[in-house]
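# Residue-level structural notes
Now for the letters of each chain:
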Amino acid sequence: MQQRKPASGRPSGTDGHDYRFRMIVESRYQRVAQGKSRLSALIFAQAIIQIIGVLYTVLWASWEEGPDRIAISSIVVGLISLILGELGRRRSRANLLKLYMVGSSLAIFLSIICVAKGNLTLEVIQDPSNWEANKFELLETSRVLLGFLIQIFTISTVISLIRDMSPPKKAS
């Protein structure tokens, strides 16, 4: 075999017509790469929504009755699930991605419970003249609804990513 010389340019025997014999990347690997990219953007969006939730809970929530345990639980579960999701995405671990999907769903469910417990959104809908007094509660409701919508996209992305990461079944 002839050795390649770095200064000689193109090695001998490759005139550009050998493209038919080159290896092609299997389509599921391309789908995994696209799914990981989409999941990265969704995790980033969830992290921003989580930070807004932390700020709302720490700064504007009423602390007269003590800290809201459901809101604190939602924040903790959400942060842990984001860490698991990022680790699962980077390392292609289906088990971590499953834990992330369950944890982030639980976190958004706890956030929905917090908003539903407040009843302020219904009061503002019934009497819109008083919306300015409750604007932070409306912001929290909007955050939770946006988080729920992103969670739907996240679940579908994680399910398709796990399906594409698993080895194909052999036909018998």
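Quick notes on the rules
Residues numbered from 1 in each chain as written. Predicted model: local features only at pLDDT ≥ 70, side-chain atom pairs only at ≥ 80, totals over all residues. Heavy atoms only, no water. Helix = DSSP H or I, 4+ residues; strand = E, 2+ residues; numbered from the N terminus. Contact = heavy atoms within 4.5 Å. Areas by Shrake-Rupley, 256 points an atom, 1.4 Å probe, with all protein chains shown as cover. Buried < 20%, exposed > 50% of the residue type's maximum accessible area, 1.4 Å probe, protein only. Axes fitted to C-alpha atoms, helices over the stretch in contact; angles between N-to-C directions. Parallel < 35°, antiparallel > 145°, perpendicular 65-115°, else oblique. Left-handed = near helix turned anticlockwise from the far one by under 90°. Nonpolar A, V, L, I, M, F, W, Y, C, P; charged D, E, K, R; others polar. Patch = residues over 30% accessible without salt bridge, like charges linked within 9 Å, V, L, I, M, F, W, Y side chains within 5 Å. Salt bridge = Lys/Arg side-chain N within 4 Å of Asp/Glu carboxyl O. UniProt positions renumbered as here; feature names shortened; annotations may be inferred. Core = buried A, V, L, I, M, F, W, Y, C linked by side-chain atoms within 4.5 Å.

### Describing the overall build of the protein chain
Helix and strand content of the protein chain: five helices and zero strands. The N-to-C order of helical and strand elements in the protein chain reads α-α-α-α-α. Within the protein chain, residue pairs in contact and separated by at least 24 positions form 77% of the contacts whose partners lie at least 6 positions apart. Entry remark: accessible area of the protein chain is about 12,300 Å², with carbon and sulfur atoms responsible for 63%.

### Considerations on unusual backbone geometry
It is generally the case that most residues other than glycine have a negative phi and that most peptide bonds are trans. The phi dihedral of Ser-92 is positive, around 55 degrees, even though this residue is not glycine. Turning to its location among the elements, Ser-92 is positioned in the loop between helix 2 (69-91) and helix 3 (94-118). Given a relative accessible area of 32%, Ser-92 falls into the partly exposed group.

### Remarks on the packing of helix 3 against helix 5 (residues 135-165)
Any two packed helices are characterised by how steeply their axes cross, that is the angle between the axes, and by the distance between the axes. At their nearest, the axes of helix 3 and helix 5 sit 10 Å apart, and the two run at 160 degrees to each other. In this view, helix 3 runs roughly antiparallel relative to helix 5, as classed from their interaxial angle. Judged by the twist between their axes, the crossing of helix 3 over helix 5 is left-handed. Taken together, the residues of the contact of helix 3 with helix 5 break down into 15 nonpolar, seven polar and three charged.

### Let's talk about a nonpolar patch on the surface
On the surface, Phe-44, Ile-48, Ile-51, Ile-52, Leu-55, Val-58, Leu-59, Phe-136 and Leu-139 cluster together to form a nonpolar patch covering roughly 830 Å² of accessible area. Of all the elements in the fold, those that place two or more residues in the nonpolar patch are helix 1 (27-60) and helix 5. Per element, the largest residue contribution to the nonpolar patch is seven residues, and it comes from helix 1. Inspection of the secondary structure assignment puts Ile-48 in helix 1.

### Quick word on the UniProt feature "transmembrane region" (unreviewed entry) in the protein chain
As annotated by UniProt and renumbered to match this structure, "transmembrane region" (unreviewed entry) occupies residues 39-63, 69-87, 99-122 and 142-162. A helix fraction of 100% and a strand fraction of 0% characterise residues 142-162, whose end C-alpha atoms lie 30 Å from each other.

### Considerations on the side chain of Ser-111
With respect to the secondary-structure elements, Ser-111 resides in helix 3. Each residue touching Ser-111, except ones within four places of it in the same chain, is listed here: Ser-74, Arg-143 and Val-144.

### Section: the nonpolar core
Among the nonpolar cores identified, the biggest contains 11 residues, and these are Val-32, Leu-39, Ile-43, Leu-82, Leu-97, Tyr-100, Met-101, Val-158, Leu-161, Ile-162 and Met-165. Within the residue set of this core, elements represented by two or more residues are helix 1, helix 3 and helix 5. The leading source of residues in this core is helix 5, at four residues. When near neighbours in sequence (up to four residues on either side) are disregarded, Val-158 contacts Leu-39, Leu-97, Tyr-100 and Met-101.

### Regarding the packing of helix 2 against helix 3
Between helix 2 and helix 3, the least distance of the axes is 8 Å, while the angle of their chain directions is 155 degrees. In terms of orientation, helix 2 and helix 3 fall into the roughly antiparallel class. Regarding helix 2 and helix 3, the two cross each other, and that crossing is left-handed. Of the residues contributing to the contact of helix 2 with helix 3, the split by class is 15 nonpolar, nine polar and two charged.

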